[in-house]
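Spelled out from the first residue to the last, the chains are:
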Amino acid sequence: MHTHTRIFSRSILVFLILFIPLVTTLSAQSEETPTPTTIGLFDPANSLFLLRNENTVGDATIVVTYGSAGSGWTPIVGDWDGDGIFTVGLYDASSATFFLRNTNSDGEADLTFTFGVGGTGWMPVVGDWNGDGTTTIGLYDPTEGMWYLRNENSTGEADITFQLTVDGALPVVGDWDGDGEVTVGLYDPTESVFYLRNSNTVGRTIKVTFGTPNGGLLPVAGDWDADGIMTIGLYDVATATFFLRNSNNGGEADLSFTYGSADSGWVPLVGKWE
């Protein structure tokens, strides 16, 4: 009787030794399952952020009123506190002031600071420039083609400064090679060509033709298929249509859907909202 009990106890022990690590591994894998970035829109007339958790036709999942309606401030979104969730922000170009909020809810800014020079026409860009898991701010000067990137969300000098320009191009940023660091790019709307660079330095770019030249399209970038690499996309303001591609090369859109109101002047956004 005692022999059978010892055998049974040993069997239970072996089972636990084998099973517990398996459960732990599966649990860790489940927790680390990547999720795609999804789209959103900003309605400047009402200072509304309309964020959606799927890249499909449908209503906004999250609606946030933030900022002053009709102020002309530029919407930005990022993971300002490193918690894995992208939240809303605004940039006032006239005073070179950033207003960042750590939750996607109505309320006051959690961070307010100046960076750059007001009234210059510089354009805000945001990204995780150093791969530390936190989104920080930057500016692009379209006149001189200069980039000014900062690794903290605070007043101070740029940590990274370099020149990369294409006449008439709009800035677009993303982690184009999946190394965890966001780097710069440009989109030329007249030719519908993206120029992507894998480091925040002067040098050659990857040239990608995507979309319709002179189509009035705005560039976006995101990890649409959750493979760890950010890829290009376009938003057609006239038809409220997103065109998203899962690789950084020419071809047809992998995802195409409408979201928002056509010809509304709404601004496209990309992030992980929850």
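For clarity, every value in this text was computed on a predicted model and none was experimentally measured.

Chemist: Just to check I follow, could you spell out the layout of surface pockets for this structure?
Modeler: Gaps left between atoms are located by rolling a probe of water-molecule size over the structure's atoms. Computed from the structure, the largest pocket encloses a volume of approximately 1300 Å³. Lining of the largest pocket is provided by 44 residues; of these, Val77, Val126, Val173, Ala221 and Val270 occupy positions nearest its centre. Listing elements by their share of the lining of the largest pocket, those giving two or more residues are strand S4 (74–78), strand S8 (123–127), strand S12 (170–174), strand S16 (217–222) and strand S20 (267–271). Across the lining of the largest pocket, the residue classes tally to 28 nonpolar, eleven polar and five charged. A volume near 150 Å³ is recorded for the second largest pocket. Phe210, Gly211, Thr212, Gly215, Leu217, Leu234, Asp236, Phe243, Gly251, Glu252 and Ala253 together form the lining of the second largest pocket. Its residues assigned to classes, the lining of the second largest pocket shows five nonpolar, four polar and two charged.

Chemist: Whenever I open this one, the side chain of Asp128 confuses me. Can you help?
Modeler: Within the secondary structure layout, Asp128 lies in the loop between S8 and strand S9 (136–141). It is Lys272 that comes nearest to the buried, bridge-free Asp128 among opposite-charge side chains, at 11 Å. Among the polar contacts listed, one links the side chain of Asp128 to the backbone nitrogen of Gly131, at a separation of 2.9 Å. From its side chain, Asp128 meets the backbone nitrogen of Gly133 in a polar contact 2.8 Å long.

Chemist: Would you take a moment to explain unusual backbone geometry for this structure?
Modeler: Note: most residues except glycine have negative phi, and most peptide bonds are trans. Despite not being glycine, Ser47 has its phi angle at roughly 50 degrees, a positive value. For Ser47, the location among the structural elements is in the loop between strand S1 (38–43) and strand S2 (48–51). Judged by its relative accessible area of 1%, Ser47 is buried. For Ala240, which is not glycine, the phi dihedral falls at a positive 55 degrees. Take Ala240: it is sitting in the loop between strand S17 (231–236) and strand S18 (241–244).

What counts as what
- Residues numbered from 1 in each chain as written.
- Predicted model: local features only at pLDDT ≥ 70, side-chain atom pairs only at ≥ 80, totals over all residues.
- Heavy atoms only, no water.
- 1 Å grid on protein atoms, 1.4 Å probe; cavity = no way out; pocket = protein on both sides within 12 Å on 5 of 7 lines; lining within 4 Å.
- Points joined across faces, edges and corners; volume = space filled by probe spheres on them.
- Helix = DSSP H or I, 4+ residues; strand = E, 2+ residues; numbered from the N terminus.
- Nonpolar A, V, L, I, M, F, W, Y, C, P; charged D, E, K, R; others polar.
- Buried < 20%, exposed > 50% of the residue type's maximum accessible area, 1.4 Å probe, protein only.
- Lys, Arg positive; Asp, Glu negative; His and termini not counted.
- Salt bridge = Lys/Arg side-chain N within 4 Å of Asp/Glu carboxyl O.
- Polar contact = N/O pair within 3.5 Å; in protein donor to acceptor, adjacent residues only side chain to side chain.

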